[in-house]
Amino acid sequence: MCGPEGPVRNRLLPSKSRFVPPPGARTWKMSVFCAIVPQVAHDGRFFTRPGSVDFHVLRNPYEGIACRVIQGIDLARGLVPLAAQTRQEEAHLLALRMKTRAEAAQIRVSEAANTGDAFRYTIDLVKHRGGSTIAAPSLPAPAEAHFRKLCGSEGLTLLTGNLRSHMNRIHTAFTVADWGISETGTIVLDSSSEDVRIATTLCEIHVAALRRSRIRPDAYSLEEDLDRLMKRPPRFLAFISGASRTADIERVLTIGVHGPLEVHLLIMDDEDDA
């Protein structure tokens, strides 16, 4: 394929994507008939069909895979940048795709500036839902002390240990996720601690905070991290893709049978000044 100034060596990006070319980039539009055109249904699943697709051809240092926007699902935000892009830009793109995929799995996604902001979000949520307790196991001592002070000022009880004796009191669980998988919107949480398993299984609402730098493109990107983790004494890893749901009985979908009714994901900046 040739353009006004010679061969076009970069990728083709669909014209219906929200991708905005960099200032000064040379672009022109063309229509291509494809035997297989990638599409996305309203529930986030892929399907294909033959058809004609309008493209913008870009001569710029970006490349990646983008799909057309169907019913509000914008997978163009999942562009994979070249090494020329900064880590901050890459983390931003991964976070956008993480948000899109997580919301497709009915996870409620928000942003938090830091850990303190995530604590305040959780407290406001518990008060709004009429709860009185928050279980937050495995927090570092300074963060736990700060969270306990915030909860005390709002009349809430913070549970951090020996949760087996408080199993019937847990309203909301707060955890800091180890990783996020943007391809599926999945939260990965080291649940080797019994208190973490109790908190995230028996709560009504699970709030998970996730740093942008901990978001990975896909599960394969976690191979080395998980390999190192699993070499330690027995581990329990939870891959969470939405609230607990089952349709075992007469194919009637029921939410919250084996876990929380709601999952909230807070994507946090890496600079933490809580």
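Here, the structure is the one placed above.
Quantities reported herein were computed from a predicted structural model and do not represent experimental measurements.

(A) Quick look at the overall build of the chain. Within the chain one finds 5 helices and 17 strands. Here the chain holds 274 residues, and the buried ones make up 43% of them. Long-range pairs, those at least 24 residues apart, make up 69% of the contacts in the chain with a sequence separation of at least 6. For the chain, the computed accessible surface area is about 15,100 Å², with 52% contributed by carbon and sulfur atoms.

(B) Structural context of the packing of helix α2 (residues 115-128) against helix α3 (residues 141-153). Where α2 meets α3, the closest approach of the two axes is 10 Å, and the angle between their N-to-C directions is 35°. Our pair here, α2 against α3, has a crossing hand that is right-handed. Across the interface between the two elements, Gly116, Phe119, Arg120, Thr122 and Ile123 of α2 pack against Ala143, His146, Phe147, Leu150 and Cys151 of α3. Tallied by class, residues from the contact of α2 with α3 come to 6 nonpolar, 3 polar and 1 charged.

(C) View of α2. Given a rise of 1.5 Å per residue, 14 residues ought to cover 20 Å, and the 20 Å separating the end C-alpha atoms of α2 matches this to within 8%. For α2, every residue scored as buried is listed here: Thr115, Gly116, Ala118, Phe119, Thr122, Ile123, Leu125 and Val126. Buried positions along α2 lie against β6 (108-112), β7 (133-135), α3, β9 (172-176), β12 (205-211) and β17 (262-268). Where α2 begins, the side chain of asparagine 114 points an oxygen toward the backbone nitrogen of glycine 116, at a separation of 3.1 Å. Phi turns positive one or two residues past the end of α2, at glycine 130, with a value near 80°.

(D) Up close: the sheet that holds β6. Taken together, 6 strands build an open sheet; the order of strands is β6-β17-β12-β9-β7-β8 and the sheet is parallel. Looking at strand neighbours, the two that pair on one side only are β6 and β8 (157-159), the edges of this open sheet. Neighbouring strand axes in the sheet, compared pairwise and without regard to direction, differ in orientation by 25° on average. Pairing analysis gives 3 bridges linking β7 to β8, with the strands arranged parallel. Of the residues in β8, the one forming a bridge with isoleucine 134 is leucine 158.

(E) View of the pattern of salt bridges. The full count for this structure, using the stated rule, is 11 salt bridges. For the salt bridge of arginine 148 with glutamate 144, the shortest nitrogen-to-oxygen distance reads 3.2 Å. Placement of both arginine 148 and glutamate 144 in helix α3 is noted, with a separation of 4 residues, approximately one turn of the helix. In this structure, the salt-bridge partner of arginine 164 is glutamate 194, at a minimum N-O distance of 2.3 Å. Note that arginine 164 is positioned in the loop between β8 and β9 and glutamate 194 in helix α4 (residues 194-202), a separation of 30 residues in sequence.

(F) Spotlight on the sheet that holds strand β11 (residues 186-190). On the basis of which strands lie adjacent, the open sheet formed by 4 strands has the order β13-β10-β11-β14 and mixed pairing. Edge positions in the open sheet fall to β13 (215-216) and β14 (237-240), since each of these has one partner strand only. Together, β10 (179-181), β11, β13 and β14 form the strand contacts of helix α5 (residues 223-230), whose direction differs from that of β14 by roughly 145°.

About the criteria used
Here the residue numbering is sequential within each chain, running from 1 through the sequence in written order. Reporting of local features is limited, given that this is a predicted model, to residues whose pLDDT is at least 70; pairs of side-chain atoms are given and counted only at 80 or more, and all residues count toward the totals for whole chains, interfaces and linings. To get the side-chain values, all heavy atoms of the structure are used, and hydrogens and water are removed first. Strands here are runs of E lasting at least two residues and helices are runs of H or I lasting at least four, both read from the DSSP assignment and numbered beginning at the N terminus. Summary of the burial criterion: residues with accessible area below 20% of their type's maximum are buried, those above 50% are exposed, and those between are partly exposed, where the area comes from a 1.4 Å probe applied to protein chains only. We call two residues in contact whenever any of their non-hydrogen atoms come within 4.5 Å of each other. In short, Shrake-Rupley with a 1.4 Å probe defines the accessible areas, and a residue's cover is counted only from the protein chains shown. Only the stretch in contact is used when fitting a helix axis, every axis being a line fitted to C-alpha atoms; angles between N-to-C directions are given from 0 to 180 degrees. With the far helix as reference, a near helix turned anticlockwise by less than a right angle produces a left-handed crossing, and one turned clockwise produces a right-handed crossing. We call Asp, Glu, Lys and Arg charged. Ala, Val, Leu, Ile, Met, Phe, Trp, Tyr, Cys and Pro are nonpolar, and the rest, Gly among them, are polar. A helix is expected to span 1.5 Å multiplied by its residue count minus one. As used in this structure description, the phrase polar contact means that two N or O atoms lie within 3.5 Å; if the pair is within protein, one of them must be able to donate a hydrogen and the other to accept it, and residues adjacent in sequence are counted only when both atoms belong to side chains. Here the rule is simple: two strands pair whenever DSSP picks up at least two bridges between them. Salt bridge, as applied in this entry: a Lys or Arg side-chain nitrogen positioned within 4 Å of an Asp or Glu carboxyl oxygen.

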